[in-house]
Amino acid sequence: KKLQSVHIDLTTVVTLYKSLIYYIQDLRNSFAFYEKLGKEKSGVDQYKIERKKKGKCLMEIILDSLLTELNKRKSAYDTVNIKFGFIFNLTKLPLSKVREQAIQLQLEYPEDLCSSFFNECIHFRSHLSGLEDNNLPLTVLDLYKIFKDPNISSLYPYIVIALRMYLCSPVSNCSAERSFSALKRIKSYLRSTIDNDRLNSLAILSIESEITSSLKYKKVIEEFSLQKAHLITFILLYKKNKILFIVH
């Protein structure tokens, strides 16, 4: 479930994938234990094991396939994580390693990162070293929150860009799948003739339901009425942030 979260970052994904791979490997190597457990629960001592590929049983084949796919995905995530992950570990890496990886990242994205990027990394490394232990960021997202202060973000503009690129890297396709599910619910039989603009707007409202539910409708309507004031005059009556009726 954690891997499907929209707030998860790539570093956490790599860590979770690694732990999941170790867990599946332990399951595969514990076939005898689960076989014994199954016999105790079923009361069957003798059964026929079908050996298929290279003498493997069905359980081993399934787990091997799962491990192969997990390793493929982890390898893809590692490729991106290795490029950007050093930014989160600036204080843990030696200065020469920070300089080397910063230069490599800058050469990878020359249009986005300036040649002074590695100097910013070294400078920011000193900044992090001066923080107390309880103020050090625990995740990449926490690290990015440091740059909410404009005085800090103005000192390290290219680190901000690199972190944005890193945090915007998609770690799952769950959001896209949820979008298709939302479209299926919105464009029903009764709405089959809905135009694309309206469909997109309704889809965004549905997908971003957390943001939508937190909106103050009174404020939204007031802003809308001010924008359209030259066309029409609205008289709005409210009760507990709900519209009673509109007269125009």
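The model shown is predicted, which means the values in this text are computed figures rather than measured ones.

A. Summary view of the overall build of the chain. Looking only at helices and strands, the chain has 12 helices and two strands in total. Helices (α) and strands (β) of the chain occur, in sequence order from the N terminus, as α-α-α-α-α-α-α-α-α-α-α-α-β-β. Here the chain, with 248 residues, has 25% of them falling under the buried criterion. In the chain, of all internal contacts separated by at least 6 residues, the share reaching a separation of at least 24 is 54%. Taken as a whole, the chain presents about 17800 Å² of accessible surface, with 56% of it coming from carbon and sulfur.

B. Representation of the environment of N29. Following the sequence through the fold, N29 ends up in helix α1 (residues 10–29). Taking relative accessible area as the criterion, N29 reaches 61% and is therefore assigned exposed.

C. Summary view of the pattern of salt bridges. Under the defined criterion, the tally for this structure stands at four salt bridges. Note that D64 and R28 form a salt bridge whose closest N and O atoms lie 2.5 Å from each other. Separated by 36 residues along the polypeptide, D64 in helix α3 (residues 58–84) and R28 in helix α1 bring together distant segments of the chain. We classify D64 as buried; its relative accessible area is 16%.

D. A look at the side chain of E120. Relative to the helices and strands, E120 is located in helix α5 (residues 117–129). No salt bridge is formed by the buried E120, whose closest oppositely charged neighbour, R164, lies at an N-O distance of 12 Å. Discounting chain neighbours no more than four positions away, the residues touching E120 are L155, Y156, P157, Y158 and I159.

E. The arrangement of the packing of α3 against helix α8 (residues 157–167) in detail. The N-to-C vectors of α3 and α8 enclose an angle of 165°; their axes lie 11 Å apart at closest approach. When the axes of α3 and α8 are compared, the pair comes out roughly antiparallel. The element α3 and its partner α8 pack so that their crossing is left-handed. Note on element contacts: α8 touches α3 through A162, M165 and Y166, opposite V80, N81 and F84. Residues that form the contact of α3 with α8 fall into these classes: five nonpolar, one polar and no charged.

Cut-offs and rules
Residues numbered from 1 in each chain as written. Predicted model: local features only at pLDDT ≥ 70, side-chain atom pairs only at ≥ 80, totals over all residues. Heavy atoms only, no water. Helix = DSSP H or I, 4+ residues; strand = E, 2+ residues; numbered from the N terminus. Buried < 20%, exposed > 50% of the residue type's maximum accessible area, 1.4 Å probe, protein only. Contact = heavy atoms within 4.5 Å. Areas by Shrake-Rupley, 256 points an atom, 1.4 Å probe, with all protein chains shown as cover. Salt bridge = Lys/Arg side-chain N within 4 Å of Asp/Glu carboxyl O. Lys, Arg positive; Asp, Glu negative; His and termini not counted. Axes fitted to C-alpha atoms, helices over the stretch in contact; angles between N-to-C directions. Parallel < 35°, antiparallel > 145°, perpendicular 65-115°, else oblique. Left-handed = near helix turned anticlockwise from the far one by under 90°. Nonpolar A, V, L, I, M, F, W, Y, C, P; charged D, E, K, R; others polar.

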